[in-house]
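# An overview of the molecular structure
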Amino acid sequence: MKKQKKKEINKIEKCVICESETDYFFNTPVSERRCYVEGVGQLCEKCYCHFFIKKKKDGI
Ligand SMILES: [Zn+2]
């Protein structure tokens, strides 16, 4: 029905690494997202911390 169509438009972005659902929808502007990496995509907070913040720490 019509409700299902609406749901498809507001798809939730999934983490590109672990595929868990993020807090953002497909139509959320990149500028309003956290944990979004250019050239990679949307990550969940866990993966973002693991792959990007941890690396920074190791560099210090
Ligand atoms: Zn993830």
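Structure report, in brief. (Residues numbered from 1 in each chain as written. Predicted model: local features only at pLDDT ≥ 70, side-chain atom pairs only at ≥ 80, totals over all residues.)

### Notes on the overall build of the protein
On a plain count of helices and strands, the protein comes out with 2 helices and 4 strands. Along the chain direction, N to C, the helices and strands of the protein fall in the order α-β-β-β-β-α. The buried share among the 60 residues of the protein stands at 13%. Considering only intrachain contacts with a sequence separation of at least 6, the fraction spanning at least 24 residues in the protein is 33%. (Helix = DSSP H or I, 4+ residues; strand = E, 2+ residues; numbered from the N terminus. Buried ≥ 20, exposed ≤ 12 C-beta atoms within 10 Å, placed from the backbone. Contact = placed C-beta atoms within 7 Å.)

### A word on the nonpolar core
In this structure, Cys35, Leu43, Cys44, Cys47 and Tyr48 together form the largest nonpolar core, which totals 5 residues. The residues touching Cys44, leaving out its near neighbours within four places in the chain, are Cys15, Cys18, Ser20, Thr22 and Cys35. (Core = buried A, V, L, I, M, F, W, Y, C linked by C-beta atoms within 7 Å.)

### Some words on unusual backbone geometry
The phi dihedral of Glu19 falls on the positive side, at around 65°, and the residue is not glycine. Position of Glu19 among the secondary structure elements: in the loop between strand E1 (12–14) and strand E2 (21–25). In this structure, Cys35 is a non-glycine residue whose phi angle is positive, near 65°. Considering the arrangement of structural elements, one finds Cys35 in the loop between E2 and strand E3 (36–37).

### Notes on the pairing of E2
Side-chain positions along a regular strand alternate between the two faces of the sheet. Of the strand pairs in this sheet, E1 and E2 are connected by 2 bridges, and their pairing is antiparallel. What sits directly across from Ile12, in E2, is Phe25. Here E1 folds back onto E2, and the loop between the two strands holds 6 residues, one of which, Glu19, carries a positive phi near 65°. (Pairing = 2+ DSSP bridges.)

### Comments concerning the environment of Leu43
Relative to the helices and strands, Leu43 resides in the loop between strand E4 (41–42) and helix H2 (45–59). Each C-alpha atom, one on Leu43 and one on Ile17, is 6.8 Å from the other, the two residues being 26 residues apart in sequence.

### Considerations on the environment of Lys46
Mapped onto the elements, Lys46 comes out in helix H2. Taking the number of C-beta atoms within 10 Å as the measure of exposure, Lys46 has 13 and is therefore partly exposed. Spatially, the C-alpha atoms of Lys46 and Cys18 are 9.4 Å apart, while their sequence positions differ by 28 residues.

In short, shape yes, function no, at least from these values alone.
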